[in-house]
Amino acid sequence: MKIAIVGAGVAGLTCARAMVKAGLAPVIFDKSRGVGGRLATRRAEPGLQFDHGAPYLTATGSGFAEVLRQAEEAGALAGWQGPLRAADAGAAAFVGLPGMSGFARYLAEGLEVQAGATVTAVTAEGSGWRVAWGDQAQVFDRVILTLPAPQILRMIAPDLSLASALRAVEMAPCLTLMAAFKGVCASPAPERTETDDLDWIALDSAKPGRDGGRQCWVAQANAAFSRRHLELEPPQIAERMLPLLCRHIGRRPAEATHAVAHRWRFSQAERPLGQPFLADPSQGLFAGGDWCLGRTVEDAWTSGRALAAQLLGA
Ligand SMILES: Cc1cc2nc3c(=O)[nH]c(=O)nc-3n(C[C@H](O)[C@H](O)[C@H](O)COP(=O)(O)OP(=O)(O)OC[C@H]3O[C@@H](n4cnc5c(N)ncnc54)[C@H](O)[C@@H]3O)c2cc1C
């Protein structure tokens with residue numbers, strides 16, 4: 001059976017791993033150069049590294065906790081005592097090594113990933129599904145789409161039954177600032193208030209396994225600020241976010257040696273689907289990802305597992 005998975009984030013990689021274990025050989029397509037999707041690490045000049053997507057991982061269920069334990073044993077994760085969001089208070093948190101994308105690379109070991117392949121259309125052809133990317137196309141028996149719901153909608157026909165369920169999913173944007181300063185900042189664990197435009201600040205370089213020589217900060221804007229400024233160019237976003245970060249860490253914007261913004265158009269689900277995946281009535285086309293169940297890496301993993309179970313069961 002020819003199987004294609006579009007998206008090498010945690011959902012796609014998890015689904016692929018279960019299939020390979022069962023003796024199948026799925027091909028994973030991803031538009032990026034590497035794997036991980038929103039589990040992302042950006043490297044700038046030597047010594048500067050930022051986790052600009054998910055800053056840490058937590059597990060609420062024993063299945064994902066066991067995956068994290070194994071990854072920690074393999075040296076792809078480490079425990080982290082850093083500041084957690086209120087929703088995660090008291091949870092055991094982990095960070096990827098040497099960056100968050102390290103966990104995705106661990107999940108991708110032994111999988112066939114076609115990187116740099118931006119899929120533009122998935123259409124029904126005979127009893128299969130035709131996947132088109134660049135100037136190439138191939139027909140597969142099963143196609144599994146594991147990208148944010150709004151991005152899936154761009155590649156499938158609007159009259160497919162999956163499409164109406166996908167349209168009901170809402171995902172919030174998130175503007176992220178990656179900034180570095182010379183020397184030590186006054187406040188390594190800043191307090192934030194509810195009126196802030198920022199949702200999250202972390203001293204990334206203080207995570208385990210990072211080069212602590214330079215102070216690398218990551219600040220994530222809240223959804224309201226992100227929506228207001230979504231269409232600005234990244235340099236303008238950085239210009240607006242840098243003073244917000246500086247207010248919390250006792251530095252002046254002029255002291256920053258690096259300030260670059262990243263725009264996540266679809267960062268986390270505000271209105272998830274409410275079930276672990278979607279299937280076309282033909283049982284040849286599937287859709288999954290974190291947005292099916294919630295907003296976390298664990299939700300992506302759960303969806304990836306459920307997709308694989310459905311296909312392997314069939
Ligand atoms: C700013 C931010 C903060 C977050 N904070 C947390 C947190 O604290 N805790 C937590 O658990 N989670 C957090 N998350 C969410 C977490 O990152 C996601 O839940 C998880 O990584 C989603 O995995 P996924 O596989 O469903 O999707 P993704 O990781 O989005 O994977 C989709 C993949 O599809 C690829 N793709 C997209 N379009 C195409 C195309 N046309 N062709 C081919 N490939 C394509 C992308 O490159 C990507 O690799 C955060 C996310 C963001 C952005």
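Our subject is the structure that appears above.
Trainee: An account of the overall build of the protein is needed here, citing residue identities and associated values.
Mentor: When its secondary structure is counted, the protein shows eight helices and 17 strands. Relative to the globule expectation of 20 Å for 314 residues, the C-alpha radius of gyration of the protein, 20 Å, shows essentially globular dimensions. Within the span of the protein, comprising 314 residues, buried residues form 52% of the whole. A separation threshold of at least 6 residues defines the contact pool for the protein, and within that pool the share at least 24 residues apart is 67%. Of the roughly 13900 Å² of accessible surface on the protein, a fraction of 51% belongs to carbon and sulfur atoms.

Trainee: Residues and numbers for the sheet that holds strand β16 (residues 278-279), please.
Mentor: Ordered in space as β7-β2-β1-β11-β17-β16, the six strands form an open sheet in which the pairing is mixed. Edge positions in the sheet fall to β7 (112-114) and β16, since each has one partner strand and no second. Bridging between strand β1 (residues 3-6) and strand β2 (residues 27-29) involves three bridges; their strand directions are parallel. The residue of β2 that forms the bridge with Ala-4 is Val-27. The strands that helix α1 (residues 10-21) touches are β1, β2 and β11 (142-145); relative to β1, the one it contacts most, it runs at about 160°.

Trainee: Residue-level account of the pattern of salt bridges, with values.
Mentor: A complete count under the given rule lists 15 salt bridges for this structure. In this structure, the salt-bridge partner of Asp-51 is Lys-207, at a minimum N-O distance of 2.8 Å. Separated by 156 residues along the polypeptide, Asp-51 in the loop between β4 (49-50) and α2 (62-73) and Lys-207 in the loop between β13 (198-203) and β14 (215-221) bring together distant segments of the chain. Residue classification places Asp-51 among the buried positions, given a relative accessible area of 1%. For Asp-197, the salt bridge goes to Arg-228, with nearest N and O atoms at 3.5 Å. With Asp-197 in the loop between β12 (170-181) and β13 and Arg-228 in helix α6 (residues 223-228), this residue pair connects regions lying 31 residues apart in the sequence. Each of the salt bridges in this network shares a partner with another, and the network as a whole consists of Asp-51, Asp-204, Lys-207 and Arg-210.

Trainee: Describe the sheet that holds strand β8 (residues 119-125), naming the residues involved and giving the relevant values.
Mentor: As a general point, the strands of a sheet are linked pairwise by backbone hydrogen bonds and lie either parallel or antiparallel. Spatially, the three strands line up as an open sheet ordered β8-β9-β10, and their pairing is antiparallel. Both outer strands of the open sheet, β8 and β10 (136-140), are each paired with one neighbouring strand and no more. Neighbour to neighbour, the strand axes of the sheet diverge by 20° on average, direction disregarded. Of the pairings in the sheet, the one linking β8 to strand β9 (residues 128-133) comprises six bridges and is antiparallel in character. The residue of β9 that forms the bridge with Ala-124 is Trp-129.

Trainee: So what about the packing of aromatic side chains? Which residues, and what values?
Mentor: Counting across every chain of the model gives eight aromatic pairs. Geometrically, the ring pair formed by Phe-29 and Phe-140 is edge-to-face, given 6.0 Å between the ring centres and 80° between the ring planes. Highlighted residues: Phe-29 in strand β2 and Phe-140 in strand β10, separated in sequence by 111 residues. The exposure class of Phe-29 is buried, given its relative accessible area of 1%. A residue is classified by how much of its surface remains accessible, and Phe-140, at 2% relative accessible area, is buried. Centre to centre, the rings of Phe-64 and Phe-103 are 6.5 Å apart; their planes meet at 75°, and the pair counts as edge-to-face. Placement of Phe-64 in helix α2 and of Phe-103 in helix α3 (residues 101-108) is noted, with a sequence separation of 39 residues between them. Among the aromatic side chains, those forming a connected cluster through ring pairs are Phe-64, Phe-103, Tyr-106 and Trp-301. A cation sits over an aromatic face here: Lys-2 above Phe-140, 5.0 Å from the ring centre. One Lys or Arg, Arg-17, reaches over the ring of Tyr-106 and ends 5.4 Å from the middle of that ring.

What counts and what doesn't
Throughout, residues of each chain are indexed from 1 in the direction in which the sequence is written. Totals for whole chains, interfaces and linings use all residues, but because this is a predicted model, local features are given only for residues with pLDDT of at least 70 and pairs of side-chain atoms are given and counted only at 80 or more. By convention in this description, side-chain values take in all heavy atoms of the structure and omit both hydrogens and water. Counting from the N terminus, the helices are DSSP H or I runs at least four residues long and the strands are E runs at least two residues long. Throughout, radius of gyration means the C-alpha value; the globule benchmark is 2.2 Å times the number of residues raised to the power 0.38. Burial classes: relative accessible area under 20% of the type maximum marks a residue as buried, over 50% as exposed, and values in between as partly exposed (1.4 Å probe, protein chains only). Between two residues, a contact is recorded if the distance between any of their heavy atoms is within 4.5 Å. To measure how exposed things are, a 1.4 Å probe is used in the Shrake-Rupley method; for residues, cover is taken only from the protein chains shown. The pairing criterion for strands is at least two bridges between them, as found by DSSP. Think of each axis as a best-fit line through the C-alpha atoms, taken over the contacting stretch in the case of a helix, with angles from 0 to 180 degrees between the N-to-C directions. In the sections that follow, a salt bridge refers to a side-chain nitrogen of Lys or Arg positioned within 4 Å of a carboxyl oxygen of Asp or Glu. Side-chain rings of Phe, Tyr and Trp, where Trp is taken by its six-membered ring, are said to pair if the distance between their centres is within 6.5 Å; with planes under 30 degrees apart they count as stacked, over 60 as edge-to-face, and otherwise as tilted. We count a charge as sitting over a ring when the NZ of a lysine or the CZ of an arginine lies within 6 Å of the ring centre and within 35 degrees of the ring normal.

Scope: geometric values only; no functional claims are made or implied.
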